[in-house]
Amino acid sequence: MIRYAIQRFLGAIPTLLILIALAFIMIRVAPGGPFDAEKQLLPEIEANLRAAYHLDEPLVQQFGRYLYALIQGDFGPSFQYRDHTVTELIMDGFPVSLRLGGLAMLLALIVGVSLGTLAAFRQNTPTDYTVMGVAMTGISIPNFVMAPLMILLFAVYLKWLPAGGLGDGGIANLVLPVIALALPQIAYVARLTRGSMIEVLRSNFIRTASAQGLPMRTVIVQHALKPALLPVISYIGPATAAIITGSVVIEQIFGVPGLGRYFVQGALNRDYTLVMGVVVFYGVLIISFNFLVDLLYGWLDPRVKY
Amino acid sequence: MLLSVLAACGTPDSTDHTSRLLRGNGAEPESLDPHAVRSEAAGNILRDIGEGLVSFTADGRIVAGVAESWTISPDGLEYEFLLRPDARWSNGDPITADDFVYSFRRLADPGTAAFYASLLGAIVNAEAITRGEMPPERLAVTVLDDGRLHIRLKQATAYFLQLLSFPSTYPVHRDSVERYGTDFARPGRLLSNGAYRLQERVVGSHVKLTRNPFYWNDAQTRIDEVIFYALPDNMAELLRFRAGELDITSAIPAGSFARLNRDMPALLRVAPYLATYYLGFNLHREPFAGNRSLRRALSLAIDREVITQRVLGNGEQPAYSWTPPGINGYLPPPVGYEQWPPGQRLAEARRLYREAGYGPENGPEMELRFNTSEAHQRIAVAVQAMWKEALGLEVTLVQEEFRVMLQKIRGGQVNGLFRSSWIADYDDPLTFAEVLASDSATNMTGYNNPEYDSLLEKAAQEHNATKRYALLEKAEALAMEDVPLIPVYHYVSKHLVASRVGGWQDHALDYHMSKDLFLIPEGDGRQ
């Protein structure tokens, strides 16, 4: 087990290095630079800016400088938000995204697994069709349509909830963005659960359990649920990494200061260090969550041994 | 005193007692260091928390700021400013001439790498300092005594006072900058000198300002607290406004004008804005290099009224001149065909097109490039259809990400035309005229007419305002005759302003300082 963990950790280092090198090259290959605007800067001012951010150095030297700082946990200064470091921006934005994304994922798991199990148990009945129909709709309607509609209904017309912002940090401000984030996830989780639950319910050990006269509730909760969750678990590992690093759509529509917009705005602004920072951060999270998922597999599936 | 009491009761109910203005502010401000910014979002906040030597009224006239008076020498080169004795920083420290010397040097200093270092270009030695050829101490801004500042220009600059109301020329507090370096503009550190001071900043969410009791004119400030929300999505901003969570929006969503004008006409504030949307020719390349007839034909074949009324429909004005009308009293010279009926314009366009050597069967191969946006696309499609119908010309539309397109334009790689726009930096026609100078960094078409350059040079030497405008008019008439670009429309600024907000006035540069506004008590004025 410990040996396995160490192996995985060592294996992650080259992956990260490749990720860093690719991101470093790709953002610089993108045409246009961080200081371009319709109002072109005077050449001397642009030169000063490039010097201030070491962009006048050879690429290899820039990369070395970046890696050296990164090892010390320093993502460098942001090109766009000139009085903030990338580390600060990530550390300010991540807790917000983590809270929204974590709650959304939790909601998605509880609601999605329950609905999926219900649908599987009532396979090919109106209940099943309703649940799966709603799930399909949830997957198909994009966030940028659903979120404004929710605001229009609950904030503008009914005035039950605030339209956006984090307010004083109260729960009311979280309701709409968490639901908007969770909806498509609920749909995915429900579909995955239903699919694998149907298979598990048909397998021999469930038939045996039922034949022994165990009540259906016990069969599902104690025997069927764990193996049925395996595909869900492999899905939610990377999905959690994605959702807790924020969603640009949800953040812009609800005016929430999370991490998500840095992926998009950083790239559009050619904020080299910010893009690098969020990519590396996201990469580390993905690697960690995949590792956690593998550990969970060992617990859920008796056939998996490390 | 009142302030601390109000700050103490942090319950949501306190909104009812504190006067608090909630403003949508578009993009996230990149910084609040006046020397590190260039966005409108940052400018809006800086104008609330800072003040330059001069300031402006709600409708845009220059008035005294930190300087209570000034004298200008007859040759227009020497400026002497008398600072108010009661001008203070937000911690109560007095503002002295030294503060301005320090700040102007910092702005020019190449080490600061300020976007707007060029604002000081008119001052003796400023350009050499920014190029790194001279130490900042050589800048011709000097202290006469604590309350008197002297600035020497290398040539008379009619709009110099305008520049001194621009946020990049606001003073920065020397001790804070030296103590905290580039991080001085943070809450708890930033000392400023405007009607408000920085209370809180959450990147990606909002900036909260509170009244600055040390502001020299604090008695006139009527709103205690201002929150600027970063809301880059206009639709989200509109929803916040409709839910009563905003008093002022930074814009309105594309295509929503007609609906808003029907649903809440009293709250919609549309005003001329000093900016021009244009299609630029790449004059470095075929087919436009040296082919004025073709450029003119394409310009004539665009029906601006259709674009402003049918495609945009927000009250934009059709543009025939480069400079928008009414920029500090300047009227752009007529180009001649504004008043022509559409038939006459089309006939002339076809004649010029043939004269250029083209016809419906043999059109030039070219593309129209625009950066990704629904509005740009709609205009490009309309223009494409107009050229097709009028001249039989087939133009290829190319949509590109903004910075990719900018790089192609600057590399002279655009094979045809590109869309762009120009927004006035200050309220003087030169802010437009200088774009077309052959040595201008912002001249994206490659227009190079020595006669135009020399007219601008003459205008720069001219002290008489009327004669100066006449020279600029002559230069513009010349450029419009050459058609280096096709002006399409002049912008309007568009805001939703809640009915509880008083004091709002149209401003040609779209600046609206919170200190000029007030809240009308009684009831919730929003819809």
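Summary of the structure given here. (Residues numbered from 1 in each chain as written. Chains lettered and ligands numbered in written order. Predicted model: local features only at pLDDT ≥ 70, side-chain atom pairs only at ≥ 80, totals over all residues. Heavy atoms only, no water.)

Details of the interface of chain A and chain B
- Opposite the 47 residues of chain A that make contact, chain B presents 54 residues.
- Summing the contributions of chain A and of chain B, the shared interface buries around 4200 Å²; its carbon and sulfur component is 54%.
- Run the count over chain A and chain B and you get 3 salt bridges.
- Its salt-bridge partner being Glu401 of chain B, residue Arg270 of chain A comes within 2.5 Å of it at the nearest N-O pair.
- Put simply, chain A and chain B have 17 residue pairs in polar contact (both at pLDDT 80 or more) between them.
- When contributions to the side of chain A that touches chain B are tallied by element, the ones reaching two or more residues are α2 (43-52), α4 (86-121), α6 (143-157), α11 (248-254) and α12 (260-268) of chain A.
- Class assignment for the residues of the side of chain A that touches chain B results in 25 nonpolar, 11 polar and 11 charged. (Contact = heavy atoms within 4.5 Å. Buried area = accessible area lost by both parts, 1.4 Å probe. Salt bridge = Lys/Arg side-chain N within 4 Å of Asp/Glu carboxyl O. Polar contact = N/O pair within 3.5 Å; in protein donor to acceptor, adjacent residues only side chain to side chain. Helix = DSSP H or I, 4+ residues; strand = E, 2+ residues; numbered from the N terminus. Nonpolar A, V, L, I, M, F, W, Y, C, P; charged D, E, K, R; others polar.)

Thoughts on the packing of aromatic side chains
- Applying the stated criterion across every chain, the model contains 32 aromatic pairs over all chains.
- With centroids separated by 6.1 Å and ring planes inclined at 0°, the aromatic side chains of Phe35 of chain A and Phe79 of chain A adopt a geometry described as stacked. With Phe35 of chain A in the loop between α1 (2-29) and α2 and Phe79 of chain A in the loop between α3 (59-71) and α4, this residue pair connects regions lying 44 residues apart in the sequence.
- Overall, Phe35 of chain A belongs to the buried group, its relative accessible area being 2%.
- Phe79 of chain A gets classed as buried once you look at its relative accessible area, which sits at 6%.
- Relative to Phe81 of chain B, the ring of Trp70 of chain B has its centre 6.2 Å away and its plane inclined at 45°; by these criteria the two rings are tilted. Highlighted residues: Trp70 of chain B in strand β4 (residues 67-72) and Phe81 of chain B in strand β5 (residues 78-83), separated in sequence by 11 residues.
- With a relative accessible area of 25%, Trp70 of chain B lands in the partly exposed category.
- A network of ring pairs unites the aromatic residues Phe35, Tyr53, Phe79 and Tyr272 of chain A as a single cluster. (Phe/Tyr/Trp six-rings, centres within 6.5 Å; stacked < 30°, edge-to-face > 60°. Buried < 20%, exposed > 50% of the residue type's maximum accessible area, 1.4 Å probe, protein only.)

Here we look at the nonpolar core
- Ranked by internal contacts, the top residues of the largest apolar core, which has 188 residues, are Leu53, Phe81, Phe104, Ile123, Ile151, Leu298 and Trp387 of chain B.
- Here this core gets 11 residues from one element, more than from any other, and that element is helix α13 (residues 272-300) of chain A.
- Formed jointly, this core draws a minimum of three residues from each of two domains, domain 1 (2-245 + 497-519) and domain 2 (273-492) of chain B.
- Not counting residues up to four positions away in its chain, the partners in contact with Ile123 of chain B are Phe104, Leu139, Ala140, Val141, Ile151, Arg152, Leu153, Lys154 and Phe160 of chain B. (Core = buried A, V, L, I, M, F, W, Y, C linked by side-chain atoms within 4.5 Å. Domains from an automatic or database assignment.)

The values are spatial; any link to function lies outside them.
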